[in-house]
There are 2 protein chains.
Amino acid sequence: MELLEQRILKEGFALPGNVLKVDSFINQQIDPSLSFKMGEEFAAQFAGIQIDRVLTIEASGIAIGLTTAYKLGVPLVFARKKKSILMMEEAYATEITSFTKQETNTVSVLKKFLPAGQNILIIDDFLANGESALGLARLVEMAGSTVAGIGIAIEKSFQPGQERIKAAGYKLCSLARIKSLENCTIEFMD
Amino acid sequence: MELLEQRILKEGFALPGNVLKVDSFINQQIDPSLSFKMGEEFAAQFAGIQIDRVLTIEASGIAIGLTTAYKLGVPLVFARKKKSILMMEEAYATEITSFTKQETNTVSVLKKFLPAGQNILIIDDFLANGESALGLARLVEMAGSTVAGIGIAIEKSFQPGQERIKAAGYKLCSLARIKSLENCTIEFMD
């Protein structure tokens, strides 16, 4: 998505350790107009596939999850993160480890918001090692539903997440694909 | 806002302890269409007032903050919650205590996303004791900016938040105003 790539080049910062900061338009300050265009693009990319709801994870996934769900005319559900391991009768829960924050969270969704037999589109802001997206996919499958696809705003294509998602057989759509952040320089895939 | 009140009556649950659960359309599952209509209503209520950005708090404020900011054509910024007290050079931070969760969080926004001299609209999902809204207002004032107004989805009018906000001189707009949750029955203000 050209618009997103241009914005990443203009406002993103590549930091040592393969970290890309985009907190001026995705992660703490959000550009609503860009969020809308990203939602439209996800909806277009997954057009023709039955989607019953969108699943994302707090907090940065909510804006693009909302605009995608709005465009598709389906509900949005967001998984919650807790640092402590929380076993709840009424929730599906799984552990994920964040690449950027180097911390493990228990991620959960109330069972009533993840019914069985649905086609669920997973939306998230970043794809690095695939922990977050694959964790959300585990929740969907625990619920007896199907992952209709995984939509990612920014894929770090040099990290293993995209391979892991494809190996698991999920349809992946990334709006911006980063080839390298070496020497703190942002380089996109062709 | 009639549409919101009807939805609260249809899907909301009043629980003992003056708690209102609306997690099927605002708090974990989100109805994007309703979020949009709420954003349009906030924008209409604050029409004619200069607003430079919208400030909300993760996670449940993000959807309605986004739709409001979209309608107003301004950026959205969301404050982050941390359980630990975190002093950061580069952030404005304040403590707030959640009525529902009975826990105190340090709420912070990076200084670069809260510049001085702006008019900031605060948006949040619930108003009970006013801790969250007044905490966000403190962040705005620490930044040398002005609170243009406070927009709340659901005000529990029998709790002190709305009085505290008015006493502080802020313009308050609540889309649904709850008079009572006694006997687990939802009653709106006239």
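The residue count restarts for each chain, going from 1 along the sequence in the order it is written. By the order in which they are written, chains take letters starting at A while ligands take numbers starting at 1. Per-residue local features of the predicted model are confined to residues with pLDDT of at least 70, and side-chain atom pairs are confined, for both listing and counting, to 80 or more; whole-chain, interface and lining totals are unaffected and use all residues. For side-chain calculations, the full set of non-hydrogen atoms in the structure is used, while hydrogens and water are omitted.

1. Here we look at the overall build of chain A
What counts is decided by this rule: Put simply, DSSP H or I for four residues or longer makes a helix, DSSP E for two residues or longer makes a strand, and each gets a number counted from the N terminus. Two things to know: the radius of gyration comes from C-alpha atoms, and the globule rule equals 2.2 Å times the number of residues to the power 0.38. Relative accessible area decides the class of each residue, using a 1.4 Å probe on protein chains only: under 20% of the type maximum gives buried, over 50% gives exposed, and in between gives partly exposed. In what follows, residue pairs with any heavy atoms lying within 4.5 Å of each other are defined as contacts. Per-residue and other accessible areas follow the Shrake-Rupley method at a 1.4 Å probe size, with only the shown protein chains counted as cover for residues. By the counting scheme adopted, Arg and Lys are positive, Glu and Asp are negative, and His together with the chain ends is not counted. By convention, the charge on Lys lies at NZ, on Arg at CZ, on Asp at CG and on Glu at CD.
Each helix and strand in chain A was counted, giving six helices and eleven strands. The C-alpha radius of gyration of chain A comes to 16 Å, within 12% of the 16 Å expected for a compact globule of 190 residues. Across the 190 residues of chain A, 57% fall into the buried class. Across chain A, contacts joining residues at least 24 apart in sequence account for 61% of those joining residues at least 6 apart. Put simply, chain A shows about 7900 Å² of open surface, and 49% of that area lies on carbon and sulfur atoms. Here chain A holds 20 positive side-chain charges and 22 negative ones, and the gap between their average locations is 4 Å.

2. Remarks on the interface of chain B and chain A
Our working rule: Joining two parts hides part of their accessible area as seen by a 1.4 Å probe, and the buried area is that hidden amount summed over both. For salt bridges, the criterion is a side-chain nitrogen of Lys or Arg within 4 Å of an Asp or Glu carboxyl oxygen.
With 34 residues of chain B in contact, the opposing surface of chain A contributes 34 residues. Both faces considered, chain B and chain A share a buried interface measuring about 2800 Å² in area, 62% of it formed by carbon and sulfur atoms. Across the chain B-chain A interface, the total number found is two salt bridges. In this structure, the salt-bridge partner of A:K112 is B:D23, at a minimum N-O distance of 3.5 Å.

3. Considerations on the relation of the copies chain B and chain A
Counted only if it meets this: Superposition of the copies was done by least squares, using only C-alpha atoms of residues whose pLDDT is at least 70 in both.
Of the two same-sequence chains, chain B is brought onto chain A (RMSD 0.0 Å, axial shift 0.0 Å) by a rotation of 180°. The relationship between the two copies is best expressed as a two-fold rotation axis. Within chain B, the C-alpha atom positioned nearest to the axis of rotation is that of B:A59, 2.8 Å from it. Of the residues that chain B buries at the interface, 100% are likewise interface residues in chain A, meaning the two copies contact each other through the same surface.

4. With respect to helix 3 (residues 32-45) of chain B
An α-helix turns once per 3.6 residues; consequently, residues spaced three or four apart project the same way. Residues and elements named next belong to chain B. Quick note on the threshold: Between the first and last residue of a helix there are one fewer steps than residues, each counted as 1.5 Å, and that sum is the expected span. By the criterion applied in these results, polar contacts are pairs of N or O atoms within 3.5 Å in which, for protein atoms, one can donate a hydrogen and the other can accept it, and in which residues neighboring in sequence qualify only through two side-chain atoms.
An ideal rise of 1.5 Å per residue puts 20 Å on 14 residues; helix 3 measures up with 20 Å between its terminal C-alpha atoms. For helix 3, the complete set of buried residues consists of P32, L34, S35, F36, M38, G39, F42 and A43. Capping of helix 3 at its N-terminal end is provided by D31; its side-chain oxygen lies 2.9 Å from the backbone amide nitrogen of S33.

5. A short note on the pattern of salt bridges
Residues and elements named next belong to chain A. On inspection of all chains with the given rule, the structure shows 16 salt bridges over all chains. Notably, a salt bridge pairs R80 with E58, separated by 3.8 Å at the nearest N-O pair. Here R80 is found in strand 5 (residues 76-82), whereas its partner E58 is found in the loop between strand 4 (53-57) and helix 4 (61-72), with 22 residues between them in sequence. Residue classification places R80 among the partly exposed residues on the basis of a relative accessible area of 23%. When the shortest N-O distance is used, the salt bridge between R177 and E155 registers 3.1 Å. With a gap of 22 residues between them, R177 in strand 10 (residues 172-180) and E155 in strand 9 (residues 146-156) connect regions that are remote in the sequence.

6. Some points on the environment of A:V107
Residues and elements named next belong to chain A. For V107, the position within the fold is in strand 7 (residues 104-110). Here V107 falls in the buried class, since its relative accessible area comes to 1%. Taking the C-alpha atoms as reference points, V107 and A79, separated by 28 residues in sequence, lie 6.1 Å from one another. Those residues in contact with V107 that sit more than four places away from it in its chain are I57, A79, R80, K81, Y92, A93, T94, I96, L136 and L139.

7. Quick notes on the environment of B:N119
All names here are of chain B. Relative to the helices and strands, N119 is located in strand 8 (residues 119-127). Along the primary structure N119 and F46 are separated by 73 residues, whereas in three dimensions their C-alpha atoms are 12 Å apart. With residues near it in sequence (within four places) discarded, N119 still touches Q50, I51, D52, R53, T146 and A148.

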